[in-house]
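Working through the structure, step by step
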Amino acid sequence: MFRWGVLSTAKIGREQLLPAIADSTNGVVAAIASRDVAKARALADRFGAPHAFGSYDELLASDAVDGVYIPLPTSQHLEWAAKAAEAGKHVLVEKPLALNAADIAPLIEIRNRNKVIVSEAFMVTYHPQWLKVRDLIASGAIGRLRHVQGAFSYFNVDPNNMRNQLDLGGGALPDIGVYPTVSTRFSTGKEPLRVQASIERDPNFGTDIYSSVRADFGDFELSFYLSTQLANRQLMVFHGDKGFIEVRSPFNAGLYEQERVELHNAGHNETTVFHFSGAKQYRLEVEAFVRAAQGGSDHVFSLEESVLNQKVIDAIFRAGEHDGWEAV
């Protein structure tokens, strides 16, 4: 069994990844690290992990850990992913991996030199609903794809939340803007050429809290909005000349609605519904990661893909500073 170590007791680890690892068929929670060793011990006991450490470096030095999951604040992702890879550990690190695409290059070198897997945790790319969307588009089920529409919003004005702290990498685009971009790129196999954007920032936090984005993929266009200060909504629609695909719970599968993909014909008088109830995207993610780390052929989200996705986010930020198009 693959022995996982987790750096920090962050909420997403407690509520999503640790339960997924505990539920997985090929991995176990072996160690938890926190700057507060009592918190580490309590979380380790909760998931039956034999080891608890009072520092991240101690965990990385442990022979009882094969790979690590990193749910630290965004501003620390690259630093600790690099340290973990240098320690010879495989690394699954929360998104966004970086705040600038150019910053990922040194981590690629470290990954290659240490011959480890380093992957940004885009769980959506492991969910069968997104594999279905990709297959439907590729098979011509909606004809020529012309437009993708997306939305992702929630309401959070807690000043103590890292998403509202600029120095920790907070903001809507780093936190959730990555999802419309990655799911469109994943489903179509295409990269955007240029973007336009309107961005609003919170006057107190300084973080971006609302964006309206238009991305030109050449053959089709993606438009989406996102916000950290709007009522909860998630939506992705892929519109072609012979029909359209609507993904009902595209990102937090099963939370906003039951995960399902709807294929509508051109006349909008016939709909095929694909249900994916019970699909556990975090468990699918960690199991695929382990198989890849153990030499299997499973595809995991690569650092090269992280660079491409972050280039889009970087271009959106630049586009928000002026009118008109910005090259990706």
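For the structure given in this document, a descriptive report is provided here. What you see is a predicted model; the values in this text were computed from it and never measured.

1. Describing helix α4 (residues 77-86)
Considered for burial, the residues of α4 that qualify are H77, W80, A81, A82, A84 and A85. On its buried face, α4 sits against β1 (2-7), α3 (56-61), β4 (67-70), β5 (90-93), α5 (105-114) and β6 (118-120). A positive phi of about 85° marks G88, the residue just after α4.

2. Let's talk about the side chain of Q129
Mapped onto the elements, Q129 comes out in helix α6 (residues 128-138). On the basis of relative accessible area, Q129 is assigned to the buried category, the value being 0%.

3. Some details on the nonpolar core
If you look at the biggest cluster of nonpolar residues, it comprises 68 residues, and the most contacted ones within it are W4, W130, F238, I245 and I316. Grouped together as the second largest cluster of nonpolar side chains are 29 residues, A31, A85, I108 and I110 included.

4. So, the packing of aromatic side chains
In this structure the tally under the stated criterion is 11 aromatic pairs. Each ring, one from W4 and one from F289, has its centre 5.2 Å from the other, and the planes form 35°; the classification is tilted. Of the two residues, W4 is situated in strand β1 and F289 in helix α8 (residues 281-293); the sequence distance between them amounts to 285 residues. Comparing W4 with F289 shows no difference in burial state: the two are buried. Seen from their ring centres, F217 and F220 are 4.6 Å apart, and the 15° between their planes marks the pair as stacked.

5. Section: the sheet that holds strand β12 (residues 243-247)
Two orientations exist for strands paired in a sheet by backbone hydrogen bonds: parallel and antiparallel. Read across the open sheet, the 9 strands follow the order β14-β13-β12-β11-β7-β10-β9-β8-β15; overall the sheet is mixed. Whereas interior strands pair on both sides, the edge strands pair on one side only; in this sheet they are β14 (271-275) and β15 (326-327). Note: strand β7 (residues 145-155) against strand β10 (residues 221-227), 7 bridges, orientation parallel. Note that in β10 the partner of F152 across the bridge is L226. Against the sheet, α6 touches β11 (229-240), β12, β13 (260-265) and β14, its axis set at about 170° to β12. Of the strands in this sheet, β8 (194-201), β9 (208-216), β10 and β15 touch helix α9 (residues 303-319), which is tilted by about 65° from β8.

6. Structural notes on the pairing of β4
Side chains G67 and Y69 project from β4 onto one buried face, and the interleaved V68 and I70 project onto a second face that is buried too. For β1 and β4, the ladder comprises 3 bridges, and the chain directions are parallel. Across the sheet, the residue bridging to W4 is G67, located in β4. In terms of handedness, the path from β4 via α4 over to β5 forms a crossover that is right-handed.

Rules used in this analysis
- Residues numbered from 1 in each chain as written.
- Predicted model: local features only at pLDDT ≥ 70, side-chain atom pairs only at ≥ 80, totals over all residues.
- Heavy atoms only, no water.
- Buried < 20%, exposed > 50% of the residue type's maximum accessible area, 1.4 Å probe, protein only.
- Helix = DSSP H or I, 4+ residues; strand = E, 2+ residues; numbered from the N terminus.
- Contact = heavy atoms within 4.5 Å.
- Core = buried A, V, L, I, M, F, W, Y, C linked by side-chain atoms within 4.5 Å.
- Phe/Tyr/Trp six-rings, centres within 6.5 Å; stacked < 30°, edge-to-face > 60°.
- Pairing = 2+ DSSP bridges.
- Axes fitted to C-alpha atoms, helices over the stretch in contact; angles between N-to-C directions.
- Right-handed = clockwise from strand over helix to strand, strands pointing away.

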